[in-house]
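Results of the structural survey
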Amino acid sequence: MLGHLTKHEGGATCKICGRVAQSGEQFHYITGLGEVCHRCGLDPVVCDLCGARVRRMTLTVLRGKSLCLNCYKKERESGEKRAVREVQAPDIGEALKIALENSPKGFRLIGLRLKTSSKASWQAEYEREDIYQMRCS
Ligand SMILES: [Zn+2]
Ligand SMILES: [Zn+2]
């Protein structure tokens, strides 16, 4: 099961202090940021929008902003949830490479298809990372 609290067999690296998880140690997964160790997860941080002091583990990083749970709920409802980019490539392998390299910030590639009546124009579809994770967890 995917959740905000994940147990690892070791190997995860804390995005804040760089510590590597020991076997069985709890790391927190922060959407938009990555994994942080328990100690960094407990650190007080300030929400970029409302200025509330919260623990880092309750943050969600969205479009480069660190948001507390309340602000995240508000932000989630606003803004683009999907993005589409056009890719020029001779085959799907190349198209995939370009599509991944050109992912908009905070978005994840979810689909790639050849445009109708074209041999080298592809349509790459992206979904906002937080929405993607909500759907998949
Ligand atoms: Zn840490
Ligand atoms: Zn806030």
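Residues numbered from 1 in each chain as written. Chains lettered and ligands numbered in written order. Predicted model: local features only at pLDDT ≥ 70, side-chain atom pairs only at ≥ 80, totals over all residues.

1. What to know about the domain arrangement of the protein
For the record, the criterion: Marked domain ranges trace back to an automatic or database domain assignment.
Looking at the assigned domains, one finds that the protein contains domain 1 (5–77) and domain 2 (82–136). Put simply, the middle of domain 1 and the middle of domain 2, counted by C-alpha atoms, are 27 Å apart.

2. Topic: the sheet that holds strand β8 (residues 82–88)
As a general point, the strands of a sheet are linked pairwise by backbone hydrogen bonds and lie either parallel or antiparallel. Note the following rule: Two strands make a pair as long as DSSP finds a minimum of two bridges between them. Secondary structure elements follow DSSP: runs of H or I no shorter than four residues count as helices, runs of E no shorter than two count as strands, and numbering proceeds from the N terminus. All axes here are fitted lines through C-alpha atoms, helices being fitted over the stretch that makes contact, and every angle between N-to-C directions spans 0 to 180 degrees. Note on contacts: each residue gets a C-beta atom placed from the backbone, and two residues are in contact if those atoms are within 7 Å.
With antiparallel pairing, the 3 strands of this open sheet are ordered in space as β8-β10-β9. Two strands lie at the open edges of the sheet, namely β8 and β9 (107–114), each paired on one side alone. Mean inter-strand twist for the sheet, computed between neighbouring axes without regard to direction, equals 25°. Bridge count between β8 and strand β10 (residues 121–128): 7 bridges; the pairing is antiparallel. Following the sheet pairing, Val84 is matched in β10 by Glu125. On top of the sheet, helix α3 (residues 92–101) reaches β8, β9 and β10; it is set at about 155° to β9, its chief contact. Contacts between helix α4 (residues 129–136) and the sheet are confined to β9 and β10, with β10 contributing the most and set at about 75° to the helix.

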